Amino acid sequence: MPDLLIAAARVVDPFNGIDEIADVLISRGRIAKVGRGLSRDGKEVIEASGMVLSPGFLELHAHLREPGDEDAETLETGLASALRGGYTAVCCMPNTRPPLDNPAVISGLWARARDMGLADLYVIGCVTRGREGRELSDMAMMNACEARVRAFSDDGAAVEDAGVMRLALQYAAAFGGLIISHPEDTRLSRGGQVNEGAVSTALGLRGIPALAEEVVVARDILLAEETGCRLHLAHLSTARSVNMVRDAKARGVRVTAEVTPHHLVLNESDIPGYDTSYKMNPPLRTPEDVAALREGLRDGTIDAIATDHAPHRCEDKEKEFDHAPFGVVGMESAFPVLFRELVESDEIPLERLLGALTRGPAEVMDLRPPEYGAGIVVGARADMVLLNLEEEWIMDASRFVSKGRNCPFHGRSVKGRVAYTVKNGRVVYAHEDGRG
Ligand SMILES: [Zn+2]
């Protein structure tokens, strides 16, 4: 394999605070040189003038559907979808069939992913056995196995019993584990389809109140504060949730939070009737909530952007709105949607957006070099994404590598394209119209 030279890119590296024009030379999977005017002799060259080179993104929250729902997604299509979206590492949620609640099933999945040579996989284990919310799973054993599980979640549902959640936090704290909360009180949300309010009334659908999320955010922050365990709150969607996290961080609670692209970009009034590509949990909220989520992202209250990539079989999503499953696919649409809606509109600086896709999620997962997060410096493993920020295009879900087609951004005008994804020094994805 010849050495690869990425020439004259704008290198934006949130891990090392770098933002400069440079050539980056990759040799044997690693970054060998960074500088201006590097020799091109004998190198494969990507002309990257005008493009941005970032560390590969880290997806904190993906549903890859294996085992059990390979019709909706497989490990292979999910990880290939990640590369197409610029993600070189993915954390997958354990709400599969059966759930990922023990070292044997997790190690098997992890080893298969490793052998595929696509994006790196970090498996999130269940908090409770069978995701049933009753007995704790053996988190320490999952942490000690080859797959090194470091985060645990019953995502898809909250751990309903506060006593079990408290025990889980105490147990995880003992070995430095992270508990990821899916904040939803189903006694408040049950039967709901969209945000409770004017839109649910207009559509004649049962609503999911903001409160269904907020009571669990409040509860889990208190439990984290008492136990001292690290807590991460998944897919925040309301202004009050953001305010609670901001207050908790100010008083030293070890809490982090993520937001999805769809909650940052869309609100409930964007739902075009009964299109199930807009059915997700938590639901799209109000414009005021969207503004608060953006403010939380700007000021660092929200640490990371995670897509909650949730592919479903087309025939399932084609059911009537109130019978279709919740969830949308996200990894292949995230960057171009966010760049157009947040960066081009001057709401969020590019560096902050890239930080929330790389360094933020790495800090949440406590991932460090050499595993992830060395950045774009000599000696680092060459896991990077090259972004063409000039290209305007129409998002087309039919071209996704993911098996999922349930994307609310389908048909939308976007800007910014993942031109190349480089993993272990190899070009693992190249957009066919990309330059170079
Ligand atoms: Zn969830």
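About the cut-offs
- Residues numbered from 1 in each chain as written.
- Predicted model: local features only at pLDDT ≥ 70, side-chain atom pairs only at ≥ 80, totals over all residues.
- Heavy atoms only, no water.
- Domains from an automatic or database assignment.
- Contact = heavy atoms within 4.5 Å.
- Buried area = accessible area lost by both parts, 1.4 Å probe.
- Salt bridge = Lys/Arg side-chain N within 4 Å of Asp/Glu carboxyl O.
- Polar contact = N/O pair within 3.5 Å; in protein donor to acceptor, adjacent residues only side chain to side chain.
- Helix = DSSP H or I, 4+ residues; strand = E, 2+ residues; numbered from the N terminus.
- Buried < 20%, exposed > 50% of the residue type's maximum accessible area, 1.4 Å probe, protein only.
- Pairing = 2+ DSSP bridges.
- Donors = N, O, S within 2.8 Å, 3.2 Å for Na, K, Ca; no water.
- Patch = residues over 30% accessible without salt bridge, like charges linked within 9 Å, V, L, I, M, F, W, Y side chains within 5 Å.
- Areas by Shrake-Rupley, 256 points an atom, 1.4 Å probe, with all protein chains shown as cover.
- Phe/Tyr/Trp six-rings, centres within 6.5 Å; stacked < 30°, edge-to-face > 60°.
- Lys NZ or Arg CZ within 6 Å of the ring centre and 35° of its normal.

To continue, consider the domain arrangement of the protein chain. When cut into domains, the protein chain gives domain 1 (4-53 + 379-430) and domain 2 (56-365). Relative to domain 2, the C-alpha centre of domain 1 lies at a distance of 26 Å. Between domain 1 and domain 2, the contact holds 38 residues from the first and 51 residues from the second. Both sides together, the interface formed by domain 1 and domain 2 hides about 3,600 Å², and carbon and sulfur atoms give 64% of it. There are six salt bridges connecting domain 1 and domain 2. The closest approach of N and O atoms between aspartate 120 and arginine 381, which form a salt bridge, is 3.0 Å. Our enumeration of links across domain 1 and domain 2 arrives at 20 residue pairs in polar contact (both at pLDDT 80 or more). If one sorts the elements of the side of domain 1 that touches domain 2 by residue count, strand β17 (residues 413-423) sits on top with eight residues.

A large share of strand β16 (residues 384-394) lies buried, amounting to eight of its eleven residues. In this sheet, β16 lies alongside strand β5 (residues 52-55) in antiparallel orientation, the contact comprising four bridges. When the sheet's bridge partners are listed, leucine 53 is paired in β16 with leucine 386. Taken together, the eight bridges between β16 and β17 define a ladder with antiparallel strand orientation. For asparagine 388, the partnering residue across the bridge sits in β17 and is arginine 417.

With that settled, consider the side chain of serine 189. Among the secondary structure elements, serine 189 is positioned in helix α5 (residues 186-189). Among the polar contacts made by the side chain of serine 189, one reaches the side chain of glutamate 184 at a distance of 2.6 Å. Sequence-distant contacts of serine 189, defined by excluding residues within four places in its chain, comprise Glu184, Ile208, Pro209 and Ala212.

Another point: the coordination of the zinc ion. Distances from the zinc ion to its protein donors, Asp155 (OD), His182 (ND1) and His235 (NE2), fall at 1.9 to 2.2 Å. The motif formed by the donor residues of the zinc ion, counted along the single chain, is D-x26-H-x52-H. With aspartate 155 in the loop between β9 (151-153) and α4 (162-175) and histidine 182 in the loop between β10 (178-181) and α5, the pair connects residues that are 27 residues apart, well separated along the chain. Exposure class is identical for aspartate 155 and histidine 182. Each is buried.

Let us now look at a nonpolar patch on the surface. A contiguous nonpolar surface patch, about 200 Å² in accessible area, is contributed by Leu188, Leu211 and Val215. Within the element layout of this structure, valine 215 appears in helix α7 (residues 210-227). Look at valine 215 and you get partly exposed, because its relative accessible area is 32%.

For helix α13 (residues 350-357), a buried count of six out of eight residues is recorded, marking the element as mostly surrounded by other parts of the structure. Along α13, the positions that sit buried rather than exposed are Leu350, Leu353, Leu354, Gly355, Ala356 and Leu357.

On to the pattern of salt bridges, then. Enumeration according to the criterion identifies 37 salt bridges in this entry. When the shortest N-O distance is used, the salt bridge between glutamate 347 and arginine 294 registers 2.6 Å. Of this pair, glutamate 347 sits in the loop between α12 (334-343) and α13 while arginine 294 is found in helix α10 (residues 287-299), placing the two residues 53 residues apart along the sequence. For glutamate 347, a relative accessible area of 27% translates into the label partly exposed. Two residues, arginine 298 and glutamate 347, come together in a salt bridge whose shortest N-O distance is 3.5 Å. One end of the pair, arginine 298, is in helix α10; the other, glutamate 347, is in the loop between α12 and α13, with 49 residues separating them in the sequence. When salt bridges with common partners are traced through the structure, they connect Asp71, Arg313, Glu315, Asp316 and Lys319 into a single cluster.

Moving on: unusual backbone geometry. The omega torsion across glutamate 66 and proline 67 is -5 degrees, close enough to zero to call that bond cis. In this structure, the amide linkage connecting proline 369 to the following residue, proline 370, adopts the cis form with an omega of 5 degrees. For proline 370, the location among the structural elements is in the loop between α14 (359-365) and β16. For alanine 8, which is not a glycine, the phi torsion comes out positive at approximately 60 degrees. Mapped onto the elements, alanine 8 comes out in strand β1 (residues 4-13). In the Ramachandran plot, asparagine 424 falls in the positive-phi region, its phi being about 50 degrees despite a non-glycine side chain. Of note, asparagine 424 is situated in the loop between β17 and β18 (426-430). Given the relative accessible area of 38%, asparagine 424 is considered partly exposed.

Summed over all chains, the structure comprises seven aromatic pairs. The interplanar angle of 80 degrees and the centroid separation of 5.7 Å between the aromatic rings of phenylalanine 15 and tyrosine 372 together place this pair among those described as edge-to-face. Within this pair, whereas phenylalanine 15 is found in the loop between β1 and β2 (18-27), its partner tyrosine 372 is found in the loop between α14 and β16, the two being separated by 357 residues in sequence. Judged on exposure class, the residue phenylalanine 15 and its partner tyrosine 372 are both buried. Judged by centre distance (5.5 Å) and plane angle (75 degrees), the rings of phenylalanine 57 and tyrosine 87 are edge-to-face. A residue pair is termed long-range when its members are at least 10 positions apart, and phenylalanine 57 in strand β6 (residues 57-62) and tyrosine 87 in strand β7 (residues 87-92) qualify at 30 residues. Taking relative accessible area as the criterion, phenylalanine 57 reaches 1% and is therefore assigned buried. Classification of tyrosine 87 as buried rests on a relative accessible area of 0%. Taken together, the aromatic side chains of Phe57, Tyr87, Phe335 and Phe339 make up a single cluster linked through ring pairs. Here the guanidinium or amino end of lysine 279 rests over the ring plane of phenylalanine 326, the centre of that ring lying 4.6 Å away. The ring centre of tryptophan 393 lies 3.8 Å from the NZ or CZ of arginine 417, which sits over that ring.

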